[in-house]
Amino acid sequence: QVQLVESGGGLVQPGGSLRLSCAASGRIYNINDMGWYREAPGKQRELVAAITSGGSTNYADSVKGRFTISRDNAKNTVYLQMNNAKPEDTAVYYCNADVLVVGSYPHDYWGQGTQVTVSS
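The structure presented is a predicted model; accordingly, all values stated were derived computationally and were not measured.

S.K.: Please clarify how the packing of aromatic side chains should be interpreted in this entry.
M.R.: Between two aromatic rings, the relevant description is the distance of the centres plus the angle of the planes. As enumerated under the stated definition, the model contains 1 aromatic pair in all. Above the face of the Tyr79 ring, Arg19 is positioned so that its terminal group lies 4.1 Å from the ring centre. Here the guanidinium or amino end of Arg45 rests over the ring plane of Trp110, the centre of that ring lying 4.8 Å away.

Spelled out as C-alpha cells, the structure:
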C-alpha cells in the first residue's frame, strides 16, 4: 500500500558530501515521523536521524554537526544531507516512515536501502 524509494547513495571520498532522498508513495493519508537508519557489516541497524511532521529533529551523536535531516511534507519526501563524510559512515542506509494509511491504522514502512561507501 505504501512504498518508500531511496536514492542518492554511492561512493564519496572522506570529507565529501552526499545527499540521500526517500520518497513515499501510495495510499497515504498522513506521515508522522520519518527517519534514516544505517546498517554496517557485522553491526546492528542504528538510528542516524529522525524528524517529526512538525520538523523537530533528533540525531545520533556520531553524526551531529555533520548530517542534516529535512523533509518536504508536500512531496512526502525526507532527505539526509551528509557532510564531512567519514569511513565509519559506510553502511546501507534505510529510510523509515510512520505512515497513516487511508482507511487503516498507522504502519511502519522501510525503504529497500541504499549503499553509502566513504573511501578514498
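Now that the structure has been shown, the text picks up again.
S.K.: I tried to follow the side chain of Arg71 on my own but got confused; where do I start?
M.R.: Positionally, Arg71 belongs in strand S7 (residues 67-72). Buried charge without a partner: Arg71 forms no salt bridge, and the closest opposite charge is Asp33, 5.6 Å away. One polar contact links the side chain of Arg71 to the main-chain carbonyl oxygen of Ile51, over a distance of 3.3 Å. Looking at Arg71, its side chain comes within polar contact range of the main-chain oxygen of Thr52, at 3.1 Å. Other than its neighbours up to four places away in sequence, Arg71 contacts Ile31, Asn32, Asp33, Met34, Ile51, Thr52, Ser53, Thr77, Val78 and Tyr79.

S.K.: Could you clarify how one ought to interpret the pairing of strand S9 (residues 91-101) in this entry?
M.R.: Within a regular beta strand, the side chains point alternately toward one face of the sheet and then the other, so they alternate between its two faces. Most of S9 is tucked away: 8 of the 11 residues are buried. Direction of pairing for strand S4 (residues 28-39) relative to S9: antiparallel, over a ladder of 9 bridges. By the bridge assignment for S9, Ile28 is matched with Val101. Judged from the 3 bridges that link them, S9 and strand S11 (residues 114-118) form a sheet pairing that is antiparallel. Residue pairing in the sheet places Val92 in a bridge with Gln115 of S11. Of the pairings in the sheet, the one linking S9 to strand S10 (residues 106-110) comprises 5 bridges and is antiparallel in character. Bridge assignment links Ala97 to a residue of S10, and that residue is Tyr109. A loop of 4 residues connects S9 with S10, the two strands running antiparallel in sequence, and Gly103 in this loop sits at a positive phi of about 75 degrees.

Calculation criteria
- What you see as residue numbers is a count from 1 along each chain, following the sequence as written.
- With the structure being a predicted model, the display of local features is reserved for residues of pLDDT at least 70 and the display and counting of side-chain atom pairs for 80 or more, all residues being used for whole-chain, interface and lining totals.
- To get the side-chain values, take all heavy atoms of the structure and skip hydrogens and water.
- What counts as a ring pair is set by centres within 6.5 Å for rings of Phe, Tyr and Trp (its six-membered ring), and what kind of pair is set by the plane angle: stacked under 30 degrees, edge-to-face over 60, tilted for all other angles.
- In this scheme, the term charge over a ring applies when either NZ of a lysine or CZ of an arginine sits within 6 Å of the ring centre and within 35 degrees of the ring normal.
- In DSSP terms, a helix is any run of H or I states spanning at least four residues, a strand is any run of E spanning at least two, and both are numbered starting from the N terminus.
- Residue burial is assigned from relative accessible area. The probe radius is 1.4 Å, only protein chains are included, and a residue is buried under 20% of its type maximum, exposed over 50%, and partly exposed in between.
- In summary, the charge assignment counts Lys and Arg as positive and Asp and Glu as negative, without counting His or the chain termini.
- What makes a salt bridge here is a side-chain nitrogen of Lys or Arg within 4 Å of a carboxyl oxygen of Asp or Glu, nothing more.
- Polar contact is the term for a pair of N or O atoms within 3.5 Å; when the atoms are in protein, one must be able to donate a hydrogen and the other to accept it, and sequence-neighboring residues count only if both atoms are side-chain atoms.
- By the convention used here, residues are in contact when the closest approach between their heavy atoms is within 4.5 Å.
- A pair of strands is considered paired only if DSSP assigns at least 2 bridges between the two.

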